[in-house]
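Secondary and tertiary structure notes
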Amino acid sequence: MRKWNAMGLTATLGLSLLTGCGNSAGSGNGTGNAGVELAATAAGNGEKVELTYYYPIAVGGPLTATIEAMTADFMKENPNITVKPVYTGSYADTAVKTQAGVQAKQPPDVAVLQSTELFSLLDMDAIIPLDEFIEKDGGDGYLSDFYPAFMENSQTEGKTYSIPFQRSTIVLYYNKDMFKAAGLDPEKAPATWDEMQQYAVKLAGGGKWGLEIPVTGYAYWMLQTFALQNGGNLMTPDGKKVMFNTPENVEGLQYWVDLAAKHKAMPGGVTDWSTVPSDFLEGKTAMMYHTTGNLTNVKKNASFDFGVSFLPAAKQYGSPTGGGNFYIFKDIDKNKQEAAWKFVKFMTETERAAQWSIDTGYVAVKKSAYETDRMKKYAADFPAALVARDQLEHAAAELSTHNNGKIVKILSDSVQAALTGGMTPADALKKAQDEADQALAPFNK
Amino acid sequence: MKRIKRWRRLTSNMRAGRLKSNLFAWMLLLPSLLFLLLFTFYPIFLTLRLSLFQADLSSPEPTFVGLGNYRTMFGDEVFRKVMSNNVWFALGTVPAGIALALLMAVFANKALRGKGFMRAAFFYPTLIPMIAAANIWLFIYTPEYGLMSRVFSWFGGSGINWLGTPGLVMWAMILMVVWKEAGYFMIFYLAGLQNISKELYEAAHVDGVSRFTVFRKITFPLLMPTTLFVSIVALTNAFKLVDHLMIMTKGGPNNASNLLLYYIYETAFSFWDQGMASALTVVMIAVLLLIAAVQFFGLDKRIHYN
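It should be emphasised that the depicted structure is a prediction, and the values quoted were computed from it without experimental measurement.

Let's talk about the domain arrangement of chain A
Residue and element names in this part refer to chain A. When its domains are assigned, chain A resolves into domain 1 (31-167 + 322-396) and domain 2 (169-319 + 401-444). Just the C-alpha atoms count here: the centres of domain 1 and domain 2 sit 29 Å apart. Counting residues at the interface gives 25 residues for domain 1, matched by 28 residues for domain 2. In total, domain 1 and domain 2 occlude about 2,200 Å² of area from one another, counting both sides; carbon and sulfur atoms represent 58% of this. Of all residues in domain 1, Phe-119, Gln-391 and His-394 bury the most surface against domain 2, accounting for 27% of the area lost on that side. On inspection of domain 1 and its partner domain 2, the count reaches 0 salt bridges. Those elements that provide at least two residues to the side of domain 1 that touches domain 2 are helix H5 (118-123), helix H16 (350-360), helix H18 (387-391) and strand E11 (395-396). Counting residues per element, the side of domain 1 that touches domain 2 draws most heavily on H18, which supplies 4 residues. By residue class, the composition of the side of domain 1 that touches domain 2 is 13 nonpolar, 8 polar and 4 charged.

Pasting the structure below:
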């Protein structure tokens, strides 16, 4: 009996891995497929179309209900289209489920995935360009209402592959009460790297930090802020080359490392993504870099007066964008793709984009959303909501390349090595550059 | 002549009988064998095969590369790091987890009052899902106001970033896993303790043997089968437990807490490099088979079963 136990253990474990994914996708899709086939035959007669819609939730709050209400509204307006929203966990989980579906030739019809998945999805041959649909709906006129910074991750080589939905940038949150206590002007956030350093040093002490920048899972994103402020972005728009070890980036990483190691204004080592907002809310840090997606959370839970501002500038202001876009999938019926486009358009309509932004703290993806009454009213009560929008002018695409998962890991590891003192910033970025060049080599043939 | 005939008939009868009983045994095994084939051996075979292919984002159709993936793997710094991490993780969690489990079992077995309460208290970490436990410990390890930092601040050492410092993060993980697992192993030891005959203890008592000697000469040797079983489970767990990494560190900082299984997950579902992920899985299977083999052919013979 004991022997069988041990055998069973060994056996089950090894295999849960690769096959597990296939299995779960199969069963997860099971019901969807029956519907899909039915819908496909029906759609031939120009009647009913059924769409499966995968969506992740990446910020706090009861957003499943919001999404379901939005899809219900869509079905009311389009009685011949049924949308089945499927909550698929985090961005990473959603990517895994989508990928499994693509491999099993049963992709979702439409999904929200990270905007940076563009090249991976293209390499898997999973998605379709949307230009044809966009052309019918006004072409550039339609696209020009979206903020250009958000569109950057959607487009490559002249084609548009995704529509921005839940998008964010990084902003500076600061505790006005702590600013006052330290003799700083609470209405004036640090605007340059030098000021930031002075403020942070001044605010630190007595068991409190001046500034916290989250690292775990997002090291590459935070490095992008310094890169964009001090020089340029980390990759080419075609996603085939990265520029990690430029002198500007080394300087930026050095600045980041020094805030902790030299100036003791920031905790040393690596700080967790989700610990940073709780530290801020607890008053353990006077300032933090974090996503605008956290705005609603901070607004609800801060027991003190807080401010939101642009990230400080070196040569210029700058922040990468982040978040998720709508993709429409290949290998599904043409009229399903058309229905999916209708759905995507509906979900990003001006009024809805405004409401979605108010509900979540994400930046509304369309310029016109900020002209709506509901947004104007909201912004009048809570001007901080406009900061991220204003910063968009200085924002750029989030790191997105071919082989993206690997590239992101390479860069994040190196940044962590520098932050924990294992390597100098120059060596760390040199190593990242070499490894990334190798990982991208097959795409540059 | 007659005798030989009879003997022949007898043996052939025996053979038929054996065949029949063997067939019966095979029939009984068939369902589980079928499952084993379908969900264990077949996937192992597929994994082995895929590990010989380059199947990543740059190759739309998998191409045969022989042992190329393995060659790349052994040159991969991160792979070497996760393997050594895993060894340290096993060394840290297995002996400590077993020792603590034994201690708790002896204690929970002896306790006169509140026996049930004691057992429940020791056992409860096992009942919480790893993901929940990881979230609790994420808070415990939070610098400044986490429980651990508060305790350490009484001794003057505050502001330790347990999860964010490469030299500490592994210890933090080991401590949590020992806490999580010891209660589970304790259950096996409790069962083992119940099985030891009371007479042995009475005899030892009559002879006036010290408690420590009783433990050393009676309790511990007679618990050896349990210890073996538990150590195998603990050892395989050291390779299987990765849920906490997802929540707490994502393998960081700079792979200081990364383990083989999490690296396989990253390779398969973040890098989408299925060939390499298969090769890593093969290594994982080999390691686990090795552990099982050591049990079957090595330790098993040296243990006294009562």
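Describing unusual backbone geometry
B:Gly252 connects to B:Pro253 through a cis peptide bond whose omega is -10°. Of note, A:Asp331 is a non-glycine position whose phi angle comes to about 60°, a positive value. For A:Asp331, the location among the structural elements is in the loop between strand E10 (319-328) and helix H15 (334-347). Located in the positive-phi region is B:Lys250, a residue other than glycine, with phi close to 55°. Exposure remark for B:Lys250: the relative accessible area of 39% places this residue in the partly exposed category.

What to know about the interface of chain A and chain B
Contact with chain A, which involves 49 residues of that partner, is made by 51 residues of chain B. Buried surface at the junction of chain A and chain B, both sides included, amounts to about 4,300 Å², of which 68% is carbon and sulfur. Across the chain A-chain B interface, the total number found is 2 salt bridges. With a shortest N-O distance of 3.8 Å, A:Lys431 and B:Glu77 are connected by a salt bridge. The greatest single-element share of the side of chain A that touches chain B, amounting to 12 residues, is contributed by helix H1 (residues 2-15) of chain A. In the side of chain A that touches chain B, the residues fall into 18 nonpolar, 19 polar and 12 charged.

The rules behind these values
- Residues numbered from 1 in each chain as written.
- Chains lettered and ligands numbered in written order.
- Predicted model: local features only at pLDDT ≥ 70, side-chain atom pairs only at ≥ 80, totals over all residues.
- Heavy atoms only, no water.
- Domains from an automatic or database assignment.
- Contact = heavy atoms within 4.5 Å.
- Buried area = accessible area lost by both parts, 1.4 Å probe.
- Salt bridge = Lys/Arg side-chain N within 4 Å of Asp/Glu carboxyl O.
- Helix = DSSP H or I, 4+ residues; strand = E, 2+ residues; numbered from the N terminus.
- Nonpolar A, V, L, I, M, F, W, Y, C, P; charged D, E, K, R; others polar.
- Buried < 20%, exposed > 50% of the residue type's maximum accessible area, 1.4 Å probe, protein only.

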